[in-house]
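Per-entry structural report
Residues per chain, in single letters:
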Amino acid sequence: MTDKPSPRRQEWLRQRQRSRRRVRLWQAGLLAALLGLWQLTTAVGLSDGFLISSPSRMWGTLVGLCRGGELLRHVGVSCLETVVGFLAGTLLGTAIAICMWWREGVARVLSPYLVVLNALPKTALGPIFIVWMGAGMGSIIVMTLAISLIVTILSMYQGFLGTDGEKLRLMRSLGATRGQILWMLVFPASFPTLFNTLKVNVGLSWVGVIMGEFLVSRAGLGYLIVYGSQVFNMDLVMASVVILAAAAVVMYRLVLGAEKLLQHYWGVKA
């Protein structure tokens, strides 16, 4: 039999649940108010619906894309490119950060290059990637990787260096190898840094994909935005931006879900 929470804790849980519902209602109300105000200003002529579109016009555009089957194809292409770039940047960046922690000499050699690459505008590398990888999905993924990789390396390496020194000395005094220290202490202690990096990489990955699709693409949300701006179809542009925002939020929520699973099953405070 499981012990029931005390009355005081039950009351606290109820207040917390009510607070969450209240926040969500305010969030939904604010969104509805903004959309309603947007629609109203275009309906009464205070703003030009041709230039800034409107919720009703965007909805009509989305319905048309869904009926033609184009929406799913464009969203699928952008999501695939983002997920591949996101995973590649996270895994490769973490691996390089581990190498830098493992060998101090590697960190000394790579540090100046990482600083320069981090400061370099990644859009300047876009034409180079297109020449190297061709005008296709490969160059877009490499662009995404270039944007998220350096941030991952620097963040994870700093997280590794921030491990509690007393615990490190304790494990060394107990005869732990460098590999044991890494996997049993340093890496678990860096889970908060890892998930903070993942949350940042969600936005960076989408930035890289859209930038790549702006430069070269035949499908994707970035393609729709560029095409819509070229033909001056602001309904298509705004609808694509809304879909992009929704996809980014979904991906961010998936990262939060993974963080909660890690906390629940592994007992790690991420």
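Cut-offs applied
Residues numbered from 1 in each chain as written. Predicted model: local features only at pLDDT ≥ 70, side-chain atom pairs only at ≥ 80, totals over all residues. Heavy atoms only, no water. Buried < 20%, exposed > 50% of the residue type's maximum accessible area, 1.4 Å probe, protein only. Helix = DSSP H or I, 4+ residues; strand = E, 2+ residues; numbered from the N terminus. Contact = heavy atoms within 4.5 Å. Core = buried A, V, L, I, M, F, W, Y, C linked by side-chain atoms within 4.5 Å. Axes fitted to C-alpha atoms, helices over the stretch in contact; angles between N-to-C directions. Left-handed = near helix turned anticlockwise from the far one by under 90°. Nonpolar A, V, L, I, M, F, W, Y, C, P; charged D, E, K, R; others polar. Phe/Tyr/Trp six-rings, centres within 6.5 Å; stacked < 30°, edge-to-face > 60°. Salt bridge = Lys/Arg side-chain N within 4 Å of Asp/Glu carboxyl O. Polar contact = N/O pair within 3.5 Å; in protein donor to acceptor, adjacent residues only side chain to side chain. UniProt positions renumbered as here; feature names shortened; annotations may be inferred.

1. Quick look at helix H9 (residues 178-189)
Of all the residues in H9, the buried ones are Ile-181, Leu-182, Leu-185, Val-186 and Phe-187. Summarising the contacts, the buried residues of H9 are in contact with helix H4 (70-102), helix H7 (137-161), helix H8 (165-173) and helix H10 (191-215).

2. Section: the nonpolar core
One broad rule of soluble globular proteins: the nonpolar side chains tend to lie buried together. Residues Trp-101, Phe-160, Ile-181, Val-186, Trp-206 and Leu-221 are the most contacted members of the largest nonpolar core, which totals 43 residues. It is helix H12 (residues 234-266) that contributes the most residues to this core, eight residues altogether. Among residues more than four places away in sequence, those in contact with Phe-160 are Thr-94, Ala-97, Ile-98, Trp-101, Val-186, Phe-187 and Ser-190. In this structure, Leu-125, Phe-129, Met-143 and Met-211 belong to the second largest nonpolar core, which totals six residues.

3. Here we look at the packing of H8 against H9
The contact between H8 and H9 brings their axes to 11 Å, and the two run at 150 degrees. Between H8 and H9 lies a crossing whose hand is right-handed. Seen from H8, the contacting residues are Lys-167, Leu-168, Met-171 and Arg-172; seen from H9, they are Gln-180, Ile-181, Met-184, Leu-185 and Val-186. Residues that form the contact of H8 with H9 fall into these classes: six nonpolar, one polar and two charged.

4. Regarding the packing of aromatic side chains
Under the criterion given, the structure shown has six aromatic pairs. Centroid distance Phe-187 to Phe-191: 5.6 Å. Interplanar angle 70 degrees. Geometry classified as edge-to-face. The same class applies to Phe-187 as to Phe-191, namely buried. A centroid spacing of 6.2 Å and a plane angle of 15 degrees characterise the contact between Tyr-223 and Tyr-227, whose relative ring orientation is stacked. Placement of the pair is Tyr-223 and Tyr-227 together in helix H11 (residues 221-230), with a separation of four residues, close to one helical turn. Using a relative accessible area of 28% as the deciding quantity, one classes Tyr-223 as partly exposed.

5. Quick word on the pattern of salt bridges
Enumeration over the complete set of coordinates arrives at five salt bridges. Here Asp-235 ties to Arg-57 by a salt bridge, and the two come within 3.0 Å at their closest N and O atoms. One end of the pair, Asp-235, is in helix H12; the other, Arg-57, is in helix H3 (residues 55-68), and 178 residues separate them in sequence. Its relative accessible area of 35% is what places Arg-57 among the partly exposed residues.

6. Here's the deal with the side chain of Thr-152
With respect to the helices, strands and loops of the structure, Thr-152 is situated in helix H7. On the basis of relative accessibility, which here comes to 1%, the residue Thr-152 falls in the buried class. Within the structure, Thr-152 has its side chain in polar contact with the backbone oxygen of Ser-148 (distance 2.8 Å). In contact with Thr-152, other than residues within four places in its own chain, are Gly-89, Thr-90, Gly-93, Thr-94, Thr-197 and Asn-201.

7. Observations regarding the UniProt feature "transmembrane region" (unreviewed entry) in the protein
When the UniProt feature table is mapped onto this chain numbering, "transmembrane region" (unreviewed entry) sits at residues 83-102, 114-134, 140-160, 204-224 and 236-255. Here residues 236-255 runs as 100% helix and 0% strand, with 29 Å between its end C-alpha atoms.

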